[in-house]
Protein chains: 2
Amino acid sequence: MSQRTKIKALLESEQTNIEVIVKGWIRTFRNNQFIALNDGSTNNNIQIVVDFENTDPALLKRLTTGAAISVVGQLVASLGKGQKVEVKAKEIEVLGDSDPEKYPLQPKKHSLEFLREIAHLRFRTNTFGAIFRVRNTLSYAIHRFFNDRGFVYLHTPIITASDAEGAGEAFKVTNLDMANPPRVENGDVDYKQDFFGRATNLTVSGQLEGELGAMALSDIYTFGPTFRAENSNTTRHLAEFWMIEPEMAFYDLVDNMDLAEALLKYVISEALKHNADDIEFLSQRLAEEEKQKPQNERSEMSLTEKLQFCLDNDFERLTYTEAVDILKESAPNKKKKFQYPVEGWGTDLQSEHERYLVEKHFKKPVILTDYPKDIKAFYMRQNDDGKTVRAMDILFPGIGEIVGGSQREERLEKLEQRMDEMGIPKEELWWYLDTRRFGACPHAGFGLGFERLVLFVTGMGNIRDVIPFPRFPKNAEF
Amino acid sequence: MSQRTKIKALLESEQTNIEVIVKGWIRTFRNNQFIALNDGSTNNNIQIVVDFENTDPALLKRLTTGAAISVVGQLVASLGKGQKVEVKAKEIEVLGDSDPEKYPLQPKKHSLEFLREIAHLRFRTNTFGAIFRVRNTLSYAIHRFFNDRGFVYLHTPIITASDAEGAGEAFKVTNLDMANPPRVENGDVDYKQDFFGRATNLTVSGQLEGELGAMALSDIYTFGPTFRAENSNTTRHLAEFWMIEPEMAFYDLVDNMDLAEALLKYVISEALKHNADDIEFLSQRLAEEEKQKPQNERSEMSLTEKLQFCLDNDFERLTYTEAVDILKESAPNKKKKFQYPVEGWGTDLQSEHERYLVEKHFKKPVILTDYPKDIKAFYMRQNDDGKTVRAMDILFPGIGEIVGGSQREERLEKLEQRMDEMGIPKEELWWYLDTRRFGACPHAGFGLGFERLVLFVTGMGNIRDVIPFPRFPKNAEF
């Protein structure tokens, strides 16, 4: 195939009056003369100027929205507004037609709901092109961040027999005939005959296996899909989502917080650096969307400003206990504006409380630490007060919890005691306990919900719009 | 936590006579004086010199294989052989003991089979430390290769309702009560009541969804887990493995081959560059292992040489038809040494044939193209001969097929006709066909089996040893 130049490179080209080959999909064709062509390399289209007097009318008719074309032409300085260069077409070939009567994507604004139903085509819109380029930048920045620090990327298993954390929210994985499963005497399913010889499910977290790696390689991270069979039809939950879970030997909670804050700042700065056009576009999209809202619900900052603000400010760090004190004394609590009034110490914070702390009180990202042990997982390190654990949650404006982590309980006795209290089967996790038996050390880690990060950086409102093909109750299309 | 320096950095340090903090796990402690300490940052240990006369004997006793320790000491030039520097310990703290009577990893050679049973601890051996550091480098190199070329990393779905390619080899995913699933009138399972409102399974390939992305973003790649419920107990198959699947608009088969060859060469060169010590260690390991084999079965080249050889030579490109001609005329075929004699055109090549071509005839990686359409998937572009498709397989020495790809059939009519012939349900793949209805274009892609790549680069013999926690029939431990 003759080499083409991508549109991003053409638009940045310092050289003009050269012959170029450009390929892409037609966004619009106006006045039988100007094609706006996009190839996904950038949010910006390149203008193709068609010599319509010398072009076969049959060809002109085929230059419709959505058609794929190949153009040979001259890259020239543009007289038009908003573009430095354009291509004067010499030859145009239609590679694939797009019947304008049938093509679902018209050159007009479609609702996000409609686009979700044609998720196979929504990549071709400005909004989704921008989202998935930003998502790509964030992915790569995550790998780069950890690689630069000597972390080992560990692929923890997706299919697992351990459901220690799942608490029934894990999807089952099987190879049995579902209509007629083999059974043991008492009528239960005979999982011994299943593919893995036991009941298995989809992972809800790679953390426990990640810790095994950290206890030898020092610093590891996972970046893989995670699953919850939770019947949540919200804008914040998916049945299938991607998580990043670093796990570090010889780290305490402060090291853990420092790493998480540095990671978030780094990846946001990379998106601002590499996707300036995309984020500018998404920022304007959000501003348009917010115009529909009453004045007092609109953001004080634009998307770009909000991202920059995160980079420029230290995240506020305080304990759960301090947060509860602030919430108890807060105006909305006193005026009974919270749906769940904050009365005492020990209950979990609701989204409205987290948002108050982040968006009203501190007006910046917040790291809450040292939660009551009863609302946190068995593996978090117990504090000497007997009541709290070395947990941390990072709360982001508009998103709520984006990171959850802790220093891990490395003391075998304490860990076993907590597992007993919480009814976690120790025999199933023999391998996890082995790391406390042999060469245990202080260590810590956290989980970052990747789609929540993408939501934050793109300013989108629904998590189903930041993953290519979202999985949620009653939906597994594509 | 006071900052420690990783052992890799200490061993490379230009500065000596400085105080350092080093943490890690004891590999050996000999003569009550020399600790070999490893922290997973490198295959090499740092030697800690213990002042045993001034050290509490109770502490000395706890310095056992596998124990985690923290050392404050002086980094000094070493007089010992094979090391530039060592640490003269001032303070040693045992962070986590390791009872030598119970610790499964003794300072001796363990079999790979035994280590597979304690996969949670095998990261602590030289062999597996090296493997997983190399695996990490290969992962990152893949991301970097594509990122540098403007590809978008696309997370295609893991849970999917389409089983177009799976042919019954896909794992089922369900949230139903397996013992008592809801049923429709005729007794079949009522999947309408399942989580996604239909039967779902684990993906066998992200390609079809990847193509949707490429038809808007131009160049995408996936890198995610893939599953086969195939009852294969071989050294080459896993039930859960990772695949890289790039998909490129405006690429033909030659572009596709060029990209795949460049990718493989790049990632191998990155491993040689960043993991020289690891690969040297693995190279020696392999040489030791091969000493057990009869002379004529040993490799002619060491691992390092084999990797370098791949970089220095163009992959041999030929058609399936040419390959069959070579095989028919080959000595082993004439002497009836092949288990499956090569008689005519049209059958699939067996592993023994691939190995003959790669290891005996060409003695280098081979790309076979234009396979008979009847042994390839429905989506491959049909050649004008009516018999073959624009497929390509890359065959590697010792591994066999490492990449499988093709130019895709972009012509709607041809694609539908082939789907009909092969009994692929068109209505289920309406979204895939849409990309041929609207703005189709020539495009191509391939799949790279990540574990096979890791096998090749590490010189290991069993695929279960190059993924942290292998999944295979009757095994889902950890």
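Keep in mind that what you see is a predicted model, and the values were worked out from it rather than measured.

## Some thoughts on unusual backbone geometry
Residue and element names in this part refer to chain A.
Thought 1: At Ser218, a residue that is not glycine, the phi angle is positive and equals roughly 75°.
Thought 2: You can see Ser218 is positioned in the loop between helix 5 (207-217) and strand 10 (219-227).
Thought 3: Look at Ser218 and you get buried, because its relative accessible area is 0%.

## Some details on the interface of chain A and chain B
How big an interface is tends to be expressed through the accessible area that disappears when the partners come together.
Thought 1: Between chain A and chain B, the residue contacts involve 117 residues of the former and 117 residues of the latter.
Thought 2: Of the roughly 9600 Å² buried at the junction of chain A and chain B (both faces included), carbon and sulfur atoms supply 62%.
Thought 3: Applying the counting criterion to the chain A and chain B interface returns four salt bridges.
Thought 4: In this structure, Lys6 of chain A engages Asp219 of chain B in a salt bridge whose closest nitrogen and oxygen atoms are separated by 2.4 Å.
Thought 5: Counting the contacts that link chain A with chain B gives 43 residue pairs in polar contact (both at pLDDT 80 or more).
Thought 6: Looking at the side of chain A that touches chain B, the element that brings in the most residues is helix 4 (residues 126-148) of chain A, giving 10 residues.

## Topic: the packing of helix 4 of chain A against helix 14 (residues 450-458) of chain A
Residues and elements named next belong to chain A.
Thought 1: Put simply, helix 4 and helix 14 touch, their axes get as near as 10 Å, and they point 125° apart. With respect to their mutual orientation, helix 4 and helix 14 come out oblique. For helix 4 against helix 14, the interelement crossing comes out right-handed. Contacts between helix 4 and helix 14 involve Ile131, Val134, Arg135, Leu138, Ser139 and Ile142 from the former and Phe450, Glu451, Leu453, Val454, Val457 and Thr458 from the latter.
Thought 2: Class assignment of the residues belonging to the contact of helix 4 with helix 14 gives a composition of eight nonpolar, two polar and two charged.

## Focus on the relation of the copies chain A and chain B
Thought 1: Expressed as a screw operation, the relation of chain A to chain B combines 0.0 Å of axial shift with a rotation of 180°, fitting to an RMSD of 0.0 Å. A rotation of that kind, with that shift, is consistent with a two-fold axis. Minimal C-alpha distance to the rotation axis in chain A is attained by Val173 of chain A, lying at 2.4 Å.
Thought 2: Same-surface contact between copies: 100% of interface residues of chain A are shared with the interface of chain B.

Here is what the cut-offs are and how they apply
- Residues numbered from 1 in each chain as written.
- Chains lettered and ligands numbered in written order.
- Predicted model: local features only at pLDDT ≥ 70, side-chain atom pairs only at ≥ 80, totals over all residues.
- Heavy atoms only, no water.
- Helix = DSSP H or I, 4+ residues; strand = E, 2+ residues; numbered from the N terminus.
- Buried < 20%, exposed > 50% of the residue type's maximum accessible area, 1.4 Å probe, protein only.
- Contact = heavy atoms within 4.5 Å.
- Buried area = accessible area lost by both parts, 1.4 Å probe.
- Salt bridge = Lys/Arg side-chain N within 4 Å of Asp/Glu carboxyl O.
- Polar contact = N/O pair within 3.5 Å; in protein donor to acceptor, adjacent residues only side chain to side chain.
- Axes fitted to C-alpha atoms, helices over the stretch in contact; angles between N-to-C directions.
- Parallel < 35°, antiparallel > 145°, perpendicular 65-115°, else oblique.
- Left-handed = near helix turned anticlockwise from the far one by under 90°.
- Nonpolar A, V, L, I, M, F, W, Y, C, P; charged D, E, K, R; others polar.
- Least-squares fit on C-alpha atoms with pLDDT ≥ 70 in both.

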